[in-house]
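Here is how the chains run, residue by residue.
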Amino acid sequence: MARIAPSILAADFGNLQQDCEMVNKSVSDWFHIDIMDGVFVPNISFGMPVLKAIQKHAAKPLDVHLMIVDPDRYIENFAELGAQILTVHYEACTHLHRSLQKIKSCGMQAGVALNPHTPVTHLESIITEIDLVCLMSVNPGFGGQSFIPSTYKKVTATKELIQKHKANTLIEIDGGVTDKNARELKTAGADVLVAGSHIFKATDPLATIEKLKNT
Ligand code: DX5
Ligand code: ZN
């Protein structure tokens, strides 16, 4: 069964504790945390103090998605802040292998995110080192955007690459995930579905998470 990771970017920052408790209570699996620097993506989300506040209330693993340039600078900080999965962008890492080794040496699982235009074949020589591939199904930077349909084919291609190399890598989908595309994504091979606005803007977030999980 696929894991569900509610994206805190869409939560109510004035009531973070309440939204974290909703996620704790739900059938979801991880907290998805988006860190944006206004350079790699055209938006700034939040940084360490807010992550610290989330960590205080979160009772599930923190899946931290770094949309920042030169992420190596902060790997140790994110480990100290309790991240269990730390994902860097392929497009932001000159020495990706080194970044992944550093993440793992800090005791975290290492993820690599791909922008919609980046082919998964770029991961061919490093796939066995990756714990999680995050396929961006929107252009990163903002919540609430529409899902890019070519993602389905990319999930299939990623699954094939993982199997070919006998890697033990999870496939995560991030952006525009709803109950309209969840089934097809899972069928294509998705292991983790990130969803922000679909969950937090719903009238019944708990039921929405349950539906995503069971669809
Ligand atoms: C986009 C972020 C996503 C975002 C998803 O740059 O990486 O995690 O929060 O939001 P929705 O589900 O609203 O598209
Ligand atoms: Zn994300």
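Quick notes on the rules
Residues numbered from 1 in each chain as written. Chains lettered and ligands numbered in written order. Predicted model: local features only at pLDDT ≥ 70, side-chain atom pairs only at ≥ 80, totals over all residues. Heavy atoms only, no water. Donors = N, O, S within 2.8 Å, 3.2 Å for Na, K, Ca; no water. Tetrahedral: all angles 85-135°; square planar, octahedral: opposite > 155°, others 65-115°. Helix = DSSP H or I, 4+ residues; strand = E, 2+ residues; numbered from the N terminus. Buried < 20%, exposed > 50% of the residue type's maximum accessible area, 1.4 Å probe, protein only. Salt bridge = Lys/Arg side-chain N within 4 Å of Asp/Glu carboxyl O. Near = heavy atom within 4 Å. Polar contact = N/O pair within 3.5 Å; in protein donor to acceptor, adjacent residues only side chain to side chain. Areas by Shrake-Rupley, 256 points an atom, 1.4 Å probe, with all protein chains shown as cover. 1 Å grid on protein atoms, 1.4 Å probe; cavity = no way out; pocket = protein on both sides within 12 Å on 5 of 7 lines; lining within 4 Å. Sits in = over half its atoms within 2 Å of the grid points. Pairing = 2+ DSSP bridges. Axes fitted to C-alpha atoms, helices over the stretch in contact; angles between N-to-C directions. Contact = heavy atoms within 4.5 Å. Right-handed = clockwise from strand over helix to strand, strands pointing away.

### What about the coordination of the zinc ion (ligand 2)?
Line of reasoning, step 1. Looking at the zinc ion (ligand 2), one finds its protein donor set to be His32 (NE2), Asp34 (OD), His65 (ND1) and Asp174 (OD), positioned 2.1 to 2.3 Å from the metal centre.
Line of reasoning, step 2. Because the angles between the 6 donor atoms bound to the zinc ion (ligand 2) fall within 69 to 168°, the donor set is best described as octahedral.
Line of reasoning, step 3. Mapping the donors of the zinc ion (ligand 2) onto the primary sequence gives the spacing H-x1-D-x30-H-x108-D. Here His65, found in strand E3 (residues 62-67), pairs with Asp174, found in strand E7 (residues 170-174); they are 109 residues apart in sequence, far enough to count as distant. One exposure class covers both His65 and Asp174, and it is buried.

### Digging into the pattern of salt bridges
Line of reasoning, step 1. Taken as a whole and judged by the stated rule, the model has 6 salt bridges.
Line of reasoning, step 2. Lys180 serves as the salt-bridge partner of Asp179, at 3.6 Å between the closest nitrogen and oxygen.
Line of reasoning, step 3. According to the relative accessible area criterion, Asp179 is partly exposed, its value standing at 23%.
Line of reasoning, step 4. Between Asp179 and Lys211 there is a salt bridge whose closest N-O contact spans 3.1 Å. Separated by 32 residues along the polypeptide, Asp179 in the loop between E7 and helix H6 (182-188) and Lys211 in helix H8 (residues 205-214) bring together distant segments of the chain.
Line of reasoning, step 5. Accessibility expressed as a relative area gives 48% for Lys211, which makes it partly exposed.
Line of reasoning, step 6. One network of salt bridges, with partners in common, ties together Asp179, Lys180 and Lys211.

### Structural notes on the site of ligand 1
Line of reasoning, step 1. Ligand 1 sits among 20 residues. The nearest are Ser7, Asp34, Asp174, Gly196 and Ser197.
Line of reasoning, step 2. Backbone polar atom of Gly144 to an oxygen atom of ligand 1: 2.8 Å apart, as the coordinates give it.
Line of reasoning, step 3. Here Asp174 contributes a side-chain N or O atom positioned 2.6 Å from an oxygen atom of ligand 1.
Line of reasoning, step 4. Burial of ligand 1 by the protein chains amounts to 99% of its free accessible area of 380 Å².
Line of reasoning, step 5. With respect to the detected pockets, ligand 1 is housed in the largest pocket.
Line of reasoning, step 6. Those elements giving two or more residues to the shell around ligand 1 turn out to be strand E2 (31-36), E3 and strand E8 (192-195).

### Observations concerning the sheet that holds E3
Line of reasoning, step 1. If you trace the 8 strands from one edge of the open sheet to the other, you get E1-E8-E7-E6-E5-E4-E3-E2, paired in parallel fashion. Both edges of this open sheet fall to strand E1 (3-6) and E2, since each of them pairs with a single strand only. Across the sheet, the mean angle separating the axes of adjacent strands is 25° when strand polarity is ignored.
Line of reasoning, step 2. Bridging between E1 and E8 involves 4 bridges; their strand directions are parallel. Across the sheet, Pro6 pairs through a bridge with Ala195, a residue of E8.
Line of reasoning, step 3. Seen against the sheet, helix H4 (residues 96-105) touches strand E4 (83-89) and strand E5 (109-114) and runs at an angle of roughly 145° to E5.

### Describing the pairing of E3
Line of reasoning, step 1. With 6 of 6 residues buried, E3 is to be regarded as a mostly interior element.
Line of reasoning, step 2. Side chains Leu62, Val64 and Leu66 of E3 all project onto a buried face; the interleaved residues Asp63, His65 and Met67 project onto the opposite face, where all are buried too.
Line of reasoning, step 3. Bridge count between E2 and E3: 6 bridges; the pairing is parallel. Paired with Met36 across the strands is Met67, a residue of E3.
Line of reasoning, step 4. Alignment of E3 against E4, held across 4 bridges, turns out to be parallel. Opposite His65, over in E4, you have Thr87 as the bridge partner.
Line of reasoning, step 5. For the crossover that starts at E3, traverses helix H3 (residues 75-80) and ends in the parallel E4, the hand is right-handed.

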